[in-house]
Amino acid sequence: MRASESRLIEYTMRYGQEVDKNEQANDYDCQCFDTKIPKSSITSLSSSSQCRILNNSNSLRKEDDYFIMHGVRVQKKRRSLSPSDTNGQIRMPPLVLLHGYANGALYYYRNLIGLANHFSEIYSLDLLGWGLSSRPSFVLQNKSVEAAESFFVEALEQWRQKHCPMDGKIIIAAHSMGAYLSIAYCEKYPQHVQNLVLISPVGIPHVSEEEQHARITQRMNTAVFLTSPFRMQLAKFIWERGCTPGIILRSISEERGRAIVSGYVKKRLPAVECEDEQESLIDYFYTNSVLPGSGEYALNRLLKPLAIARKPAVYRIPALKVPRVTFIYGEHDWMDHSGGMEVQQMCEDIRMNKQPSDGCTAPKINVIIVPNAGHLLMLDNWKEFNKSVLSAVYGEDYVKDISP
């Protein structure tokens, strides 16, 4: 996986030159790095969980008392001041990018340099249990939603403490499952988040049991191999038993596995036209999936079939003590943007009915749609995606006359 990561970092620099032809690769500091996370901080892990530590040689070391969170750090060496800088003092917190399910830090390879022109630092992280971060066996104290969320939330907080001042803030921009987990982080550690950007987030709307059943029936009826009631129940059973894409890929030959991933990437990402770039993505996705399973097993702990949250975020976001939350969806996203619109309306209603003496109120919500993009909008239309992130953080006026 390190080889495919290195190739995608090369593309990071190439896309940076598309932003500004005058910029050179040596104008940016782009480094992969590992951060030690104390095992004791991941309190939701059971004592019976086997330790799987990936060090620089990719070996497993059970004796260590820490996990590793892997990431990429990008910083422009010479940068102009952002709107939040005063007298040369950088005030804007670093931007922390979090990936979605079965993805990794380098899924933002097209975006890193362009965004680095507008922030003091960019961090893109492999969540614990994914990518080149440690992969402890996902044996938790219990099977609750809270235990599964805590696995990721506490690791992220330990990472923040290592890279930001204890009283410092970060800006989080997170995709899909990572967006859902970032909401859980903001619930527990709102004092450390200045701005939350939810990129095509999973788990927003509340769906009744009746509606869920209707959706499953409709989805199954469109799949030729799942038309019978027995097969529909079988599919639901497999989900509840925790079967993941990684389990399937690890159970078949590498040739077949790579063919499946290749078909997925080519179908889902037609915007990636360069064959070498496409192959680098395929290799990154495949190797990420066939490494020992860990974070992937949170899937059915957090979600019901069809990506319906067991603990819907539509009711959680209005209670966040974070000043601003922005939803970013692709125009052709399979995540329904009506979830973001519903949260926006709920928060507006709360603010209108709240008295000043009531203290804390709901966050300000914005919803942005990126044209010509689907769920993987950071790759589908990376220039407009970058502008959307900057608009979420700095405001619409900031992005009118800038390069992405």
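Since this is a predicted model, take the numbers as computed values, not measurements. Per chain, the residues get numbers from 1 upward, laid out in the order the sequence is written. Only residues with pLDDT of 70 or above have their local features reported here, since the model is predicted, and side-chain atom pairs are shown and tallied only from 80 upward, although totals for entire chains, interfaces and linings are computed over all residues. Derived side-chain values reflect all non-hydrogen atoms in the structure, with water molecules and hydrogen atoms excluded from consideration.

Bringing the environment of glycine 242 into the picture now. Where helices and strands are cited, they refer to DSSP runs of H or I of at least four residues and of E of at least two residues respectively, numbered from the N terminus. Within the secondary structure, glycine 242 sits in the loop between α6 (229–240) and α7 (245–251). Residue classification places glycine 242 among the buried residues on the basis of a relative accessible area of 13%. Here, two residues are considered to be in contact whenever any of their heavy atoms come within 4.5 Å of each other. Non-local contacts of glycine 242, meaning those with residues more than four positions away in its chain, are made with Ile247, Tyr297 and Asn300. Partly exposed residues are those whose accessible area sits between 20% and 50% of the maximum for their type, while under 20% is buried and over 50% is exposed, using a 1.4 Å probe and protein chains only.

Of the residues in the chain, 82% have a pLDDT of 70 or more, and the chain-wide mean is 87. Each residue carries a pLDDT value, the predictor's own confidence for that position, ranging from 0 to 100. Per-residue pLDDT stays below 50 along residues 86–90; that stretch engages in 7 contacts with residues further than four places along the chain or on separate chains.

Note on backbone geometry: most residues besides glycine have negative phi, and most peptide bonds are trans. Unlike most non-glycine residues, serine 176 shows phi in positive territory, near 55°. Mapped onto the elements of the fold, serine 176 is located in the loop between β5 (170–175) and α4 (177–188). Classification of serine 176 by relative accessible area gives buried; the value is 9%. Within the chain, asparagine 372 stands out as a residue other than glycine whose phi angle is a positive 55°.

Among buried residues, the Ala, Val, Leu, Ile, Met, Phe, Trp, Tyr and Cys ones that are joined through side-chain atoms within 4.5 Å form a nonpolar core. Within the largest apolar cluster, 121 residues are counted, with the highest numbers of intra-cluster contacts made by Phe119, Leu196, Ile317 and Phe327. Considering each element in turn, this core owes the most residues, 9 residues, to helix α3 (residues 145–163). When sequence neighbours within four positions are dropped, the list of residues in contact with leucine 196 reads Ile172, Ser182, Ile183, Cys186, Leu320, Val322, Arg324, Val325 and Thr326.

Inspection of the secondary structure assignment puts valine 153 in helix α3. For the pair valine 153 and leucine 128, spaced 25 residues apart in sequence, the C-alpha separation works out to 9.4 Å. Ignoring sequence-local partners within four residues, the contact set of valine 153 consists of Leu181, Ala184, Tyr185 and Tyr189.

Within the secondary structure, valine 74 is located in strand β2 (residues 66–76). The class of valine 74 is buried, set by a relative accessible area of 1%. In the structure, valine 74 is positioned 39 residues away from isoleucine 113 in sequence and 7.2 Å away in space, judged by C-alpha atoms. When sequence neighbours within four positions are dropped, the list of residues in contact with valine 74 reads Asp29, Cys30, Leu112, Ile113, Ala116, Glu121 and Ile122.

Turning next to the packing of α3 against α4. Axis angle and axis distance: for two packed helices, these are the angle between their axes and the distance between the axes, and together they describe the pair. As a packed pair, α3 and α4 sit with axes 9 Å apart at the nearest point and diverge in direction by 75°. Judged by the inter-axis angle, α3 sits roughly perpendicular to α4. Across the interface between the two elements, Val145, Glu149, Phe152, Val153, Glu154, Leu156, Glu157 and Arg160 from α3 touch Tyr180, Leu181, Ala184, Tyr185 and Lys188 from α4. In this classification, Asp, Glu, Lys and Arg are treated as charged, Ala, Val, Leu, Ile, Met, Phe, Trp, Tyr, Cys and Pro as nonpolar, and every other residue, Gly included, as polar. A per-class count over the contact of α3 with α4 returns 8 nonpolar, no polar and 5 charged. Between N-to-C directions, angles cover 0 to 180 degrees, with each direction set by a line fitted to C-alpha atoms, over the stretch in contact for helices. Note that the term roughly parallel is reserved for angles under 35 degrees, roughly antiparallel for angles over 145, roughly perpendicular for angles of 65 to 115, and oblique for everything else.

We now examine the side chain of glutamate 5. Tracing the backbone through its elements, the reader meets glutamate 5 in helix α1 (residues 2–19). Any pair of nitrogen or oxygen atoms within 3.5 Å is treated as a polar contact; in protein, a donor-acceptor pairing is required on top of that, and neighbouring residues in sequence qualify only through side-chain atoms on both sides. At 2.7 Å, the side chain of glutamate 5 forms a polar contact with the side chain of histidine 70.

Working note: α-helix, 3.6 residues per turn, so residues spaced by three or four point in the same direction. Taking 1.5 Å per residue as the helical rise, helix α13 (residues 382–394) with its 13 residues ought to reach 18 Å, and the 18 Å between its terminal C-alpha atoms agrees with that figure. Burial runs high along α13: 10 of the 13 residues are buried. Backbone geometry just after α13 places glycine 395 at a positive phi near 105°. One less than the residue count of a helix, multiplied by 1.5 Å, gives the span that helix is expected to have.

Each patch is built from residues that are more than 30% exposed by relative accessible area and take part in no salt bridge. Like charges join if they lie within 9 Å; nonpolar side chains (Val, Leu, Ile, Met, Phe, Trp, Tyr) join within 5 Å. Exposure was quantified through the Shrake-Rupley algorithm and a 1.4 Å probe, taking into account, for residues, occlusion by the shown protein chains and nothing else. By definition, a salt bridge exists where a carboxyl oxygen of Asp or Glu is found within 4 Å of a side-chain nitrogen of Lys or Arg. Charge assignment in this entry is limited to Lys and Arg as positive and Asp and Glu as negative, and neither His nor the chain termini are counted. Here the site of a charge means NZ on Lys, CZ on Arg, CG on Asp, or CD on Glu. A cluster of acidic residues, Glu10, Glu275, Asp276 and Glu279, forms a negative patch at the surface. A total of 3 residues in the negative patch trace back to one element, the largest contributor, which is helix α9 (residues 275–290). Relative to the helices and strands, glutamate 275 resides in helix α9. According to the relative accessible area criterion, glutamate 275 is exposed, its value standing at 61%.

For two strands to be treated as a pair, DSSP must find no fewer than two bridges joining them. Across the sheet, which stays open at both edges, the 8 strands sit in the order β1-β2-β4-β3-β5-β6-β9-β10 with mixed pairing between neighbours. Among the strands making up the open sheet, the edge pair consists of β1 (28–38) and β10 (364–370). Strand after strand, the sheet turns through a mean of 20° between neighbouring axes, direction not considered. Where strand β3 (residues 95–98) lies against β5, 4 bridges are found, and the strand directions are parallel. Looking at the pairing, valine 96 lines up with isoleucine 172 of β5. α13 contacts β3, β5, β6 (193–199), β9 (324–330) and β10 of the sheet and is inclined by roughly 170° relative to β10.

Ring pairs are drawn from Phe, Tyr and Trp, using the six-membered ring of Trp, whenever the two centres fall within 6.5 Å, and their geometry is named by plane angle: stacked under 30 degrees, edge-to-face over 60, tilted for the rest. Going through the model one piece at a time under the given rule, you end up with 16 aromatic pairs. Centre to centre, the rings of tyrosine 185 and tyrosine 189 are 5.3 Å apart; their planes meet at 40°, and the pair counts as tilted. Their ring planes at 35° and their centres at 4.5 Å tell us that tyrosine 394 and tyrosine 398 sit as a pair that is tilted. The burial state of tyrosine 394 is the same as that of tyrosine 398; both residues are buried. An aromatic cluster is present here, built from Tyr11, Tyr15, Tyr109 and Trp382 joined pairwise through their rings. Positioned over the ring face of tyrosine 11 is arginine 14, at 4.4 Å from the centre of the ring. Residue placement shows lysine 36 over the ring face of tyrosine 66; its charged tip is 4.6 Å from the ring centre. We call a charge positioned over a ring when the NZ of a Lys or the CZ of an Arg lies within 6 Å of the ring centre and within 35 degrees of the ring normal.

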